[in-house]
Amino acid sequence: MDVDTRLLRYFVAVAEEGTITGAAERLFVSQPALTKQIQQLEAQLGARLFTRSRAGMALTEPGRVLAERAPTLLADWERVLRETRSAADRAAQVLRVGFLASAANEATQGIVADFARCRPGWRADMRQAAWSNPSAGLADGDVDVALLRLPFPGQTALRVAVLFTEPRWVALPAGHPFAARDLIPFRDLWEEPFVAAPAASGQWRDYWLAADERDGRPVRVGAVTEHPDDWLSAIANGYGVALAPASAARFYARPGVAYRPVSGVSPSRVGVAWTPADDAHPVVQDFVRCCLDHRPPNEGALDA
């Protein structure tokens, strides 16, 4: 008997949410459609998976058995799919390179060009990730190597070579009183609302809020965004200010947003990251070497 993995995902969502309403919102499907999918799964399995009541959806004994096994089954299937896609890309001579925002700044094009010369016939497929995915897909196996801002969640499980550092500046509405200053002490920003990355990004969000460099003062969050365009719009519209790499003034200039240097806050680091499993992979390591060749003198080291 073949069961569509989509039906299993729907089942897991209902089991975890406890209601059709909550699961439908999580899955972005209508409640009638979700109910129909659950009924289809029950018909295929020949067992009732839930007891329905006004209080919600309670798992039956067969439902509990499936709820214990299905998440692992789905995770294994996702891993198999990622590994298969990775093998297909490598067979097609495509190296998947994840990156966030401006990647390695102006060095990015040179790195990609050097890789093309080093590996004729290969192509570096640059894949930009949202800030809610601070490893740019590397931790999930969606890319082979990544250009990232450090630190990021899961960093210690990966190999990371630091390429360069740059100061953190502040992006603020062009009409903000501080926009007229040449240099802003970070403590002057402590009471300002900040535009933040999603809470699920954890360490990444905290770093760009400089949460541990405020002498214990809490952070005020004025807006949450996960894409550069939304981030810029939130700042321009006055919802808050945000720390940003100094290079953001070059790569993300737009009317309504001003960038100013900040004192009293640590700099940002950019690194190239890969998995330990690819320590000896010749193509991945060639890309890493191309990155290191563009590293400024006397800067950068193996971080993890």
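See the structure shown above.
Quick caveat: nothing in here was measured; it's all calculated off a predicted structure.

Criteria and cut-off values
Residues numbered from 1 in each chain as written. Predicted model: local features only at pLDDT ≥ 70, side-chain atom pairs only at ≥ 80, totals over all residues. Heavy atoms only, no water. Helix = DSSP H or I, 4+ residues; strand = E, 2+ residues; numbered from the N terminus. Buried < 20%, exposed > 50% of the residue type's maximum accessible area, 1.4 Å probe, protein only. Polar contact = N/O pair within 3.5 Å; in protein donor to acceptor, adjacent residues only side chain to side chain. Core = buried A, V, L, I, M, F, W, Y, C linked by side-chain atoms within 4.5 Å. 1 Å grid on protein atoms, 1.4 Å probe; cavity = no way out; pocket = protein on both sides within 12 Å on 5 of 7 lines; lining within 4 Å. Points joined across faces, edges and corners; volume = space filled by probe spheres on them. Nonpolar A, V, L, I, M, F, W, Y, C, P; charged D, E, K, R; others polar. Phe/Tyr/Trp six-rings, centres within 6.5 Å; stacked < 30°, edge-to-face > 60°. Lys NZ or Arg CZ within 6 Å of the ring centre and 35° of its normal. Contact = heavy atoms within 4.5 Å. Axes fitted to C-alpha atoms, helices over the stretch in contact; angles between N-to-C directions. Parallel < 35°, antiparallel > 145°, perpendicular 65-115°, else oblique. Left-handed = near helix turned anticlockwise from the far one by under 90°.

Draft legend 1. Spatial organisation of the side chain of Arg168. Among the secondary structure elements, Arg168 is positioned in strand β7 (residues 168–173). By relative accessible area, Arg168 is classed as buried at 1%. Here Glu213 takes part through its side chain, which lies 2.9 Å from a polar atom of the side chain of Arg168. Reaching out from Arg168, the side chain makes a polar contact with the side chain of Ser266 at a distance of 2.7 Å.

Draft legend 2. Fine view of the nonpolar core. Residues Phe186, Leu189, Trp231 and Tyr259 are the most contacted members of the largest nonpolar core, which totals 48 residues. Elements with a contribution of two residues or more to this core: β5 (145–150), β6 (159–166), β7, β9 (193–196), α6 (203–208), α7 (228–236), β11 (242–245) and β12 (257–263). Ala104, Leu147, Trp274 and Cys290 belong to the second-largest nonpolar core, a separate cluster that totals 24 residues.

Draft legend 3. Focus on empty space enclosed by the protein. Under the definition given, this model contains 1 cavity of 30 Å³ or more. In this structure, the largest cavity encloses a volume near 300 Å³. Trp131, Trp208, Trp231, Leu243 and Pro245 are, among the 22 residues lining the largest cavity, the residues nearest its centre. Contributing elements (two or more residues each) for the lining of the largest cavity: β9, α6, α7 and β11. Broken down by element, the lining of the largest cavity gets its largest block of residues, 4 residues, from β11. Across the lining of the largest cavity, the residue classes break down as 18 nonpolar, 2 polar and 2 charged.

Draft legend 4. Structural detail: the packing of aromatic side chains. According to the stated counting rule, one finds 6 aromatic pairs in the structure shown. Ring geometry for Tyr207 versus Trp208: centroids 5.3 Å apart, planes at 90 degrees, classification edge-to-face. Given a relative accessible area of 13%, Tyr207 falls into the buried group. In textbook terms, an aromatic cluster arises when at least three aromatic residues are bridged by ring pairs, as seen for Trp204, Tyr207 and Trp208. Over the ring of Trp208 we find Arg168; its NZ or CZ atom is 5.7 Å from the centre of that ring. The ring centre of Phe194 lies 4.6 Å from the NZ or CZ of Arg214, which sits over that ring.

Draft legend 5. Spatial organisation of the environment of Met126. Position of Met126 relative to the elements: it lies in strand β4 (residues 123–129). Those residues in contact with Met126, other than ones at most four positions away along the chain, are Val97, Phe99, Thr108, Val112 and Leu147.

Draft legend 6. Representation of the packing of helix α5 (residues 107–118) against helix α9 (residues 282–293). Remark: α5 packs on α9, axes separated minimally by 9 Å, with the N-to-C direction vectors making an angle of 135 degrees. With respect to α9, the element α5 is oriented oblique. For the pair α5 and α9, the sense of crossing is right-handed. For the pair α5 and α9, the contacting residues are Ile111, Asp114, Phe115 and Cys118 in the first and Val283, Asp286, Phe287, Cys290 and Cys291 in the second.

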